[in-house]
Amino acid sequence: EILGFQDEIIIFKKFDEEFSDDIRRKMNGIPLEVCSRNPGGHNRAGVNFDAPCLEEASRGLEAQPGKEKFLIVISDGQPTGPYIPGLEPNENLKLAVKKILQTTDQKLIGVGLGQDTEHVKDYYPTSFPNISAKELQKLIAGLLKDMILSPEKYSFKPEHGLAK
């Protein structure tokens, strides 16, 4: 499944869809969505409602069959937006990550796309900050290979703790 998120989930490809030319066309809008110029797109680039979107993506992944479940989050900015009243967006994201790690067997990986994305280290047990768009393809390819060969490396280990 390939999802984007701003103030809500943006579906680019569902689990049960074939990788068709229509899906490829939709995915071509991803870079334009990042700068709010995707014709007919959602176009709310300055908004990152990470926590509720992460939880929604996790619920969709949890409903899928499979032994190993990975959720890779590519983030280009700090969390924003409301979720649990009274908590800052970063605290909401920390709680969402904690909940997913404690209640599912999903492996969470955060990728910070672009400069000044060290924040992914604060939220995700496995993280790759400050990855340029040029480096992203190589990182994802290597990550997918490693996830297949050594999925246990990405399992949450309580002794390593959660983001503070």
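Residues numbered from 1 in each chain as written. Predicted model: local features only at pLDDT ≥ 70, side-chain atom pairs only at ≥ 80, totals over all residues. Heavy atoms only, no water.

**Student:** Sorry if this is basic, but what is going on with the sheet that holds strand 3 (residues 70-75) here?
**Tutor:** Within a beta sheet, neighbouring strands are joined by backbone hydrogen bonds and run either parallel or antiparallel to one another. Sheet architecture is open: 3 strands sit in the order 3-4-5, paired in parallel fashion. The open sheet has two free edges, formed respectively by strand 3 and strand 5 (126-131), since each of these has just one partner strand. Neighbour-to-neighbour, the strand axes of the sheet open up by a mean angle of 15 degrees, direction not taken into account. Relative to strand 5, strand 4 (residues 107-113) is paired through 4 bridges, and the arrangement is parallel. The partner of isoleucine 109 across the bridge, within strand 5, is threonine 126. Across the sheet, helix 3 (residues 50-62) lies against strand 3 and strand 4, angled at about 155 degrees from strand 3, the strand it touches most. Packing of helix 6 (residues 133-149) onto the sheet brings it into contact with strand 3, strand 4 and strand 5, and relative to strand 5 it is tilted by some 160 degrees. (Pairing = 2+ DSSP bridges. Helix = DSSP H or I, 4+ residues; strand = E, 2+ residues; numbered from the N terminus. Axes fitted to C-alpha atoms, helices over the stretch in contact; angles between N-to-C directions. Contact = heavy atoms within 4.5 Å.)

**Student:** Would you explain the side chain of glutamine 106 in this entry?
**Tutor:** With respect to the element layout, glutamine 106 can be found in the loop between helix 4 (89-103) and strand 4. Note on glutamine 106: relative accessible area 2%, which makes it buried. In this structure the side chain of glutamine 106 is engaged in a polar contact, spanning 2.9 Å, whose partner is the side chain of glutamate 62. Residues contacting glutamine 106, with those up to four places away along its chain left out, are Ser58, Leu61, Glu62, Lys69, Leu71, Ile100 and Leu101. (Buried < 20%, exposed > 50% of the residue type's maximum accessible area, 1.4 Å probe, protein only. Polar contact = N/O pair within 3.5 Å; in protein donor to acceptor, adjacent residues only side chain to side chain.)

**Student:** Would you take a moment to explain the environment of glycine 4 for this structure?
**Tutor:** Among the secondary structure elements, glycine 4 is positioned in strand 1 (residues 2-5). For glycine 4, a relative accessible area of 14% corresponds to the buried category. Linking glycine 4 and aspartate 105, residues 101 residues apart in sequence, is a C-alpha distance of 22 Å. Every residue in contact with glycine 4, bar those within four places of it in the chain, is listed here: Ile9, Ile10 and Phe12.

None of this, on its own, says anything about what the molecule does.
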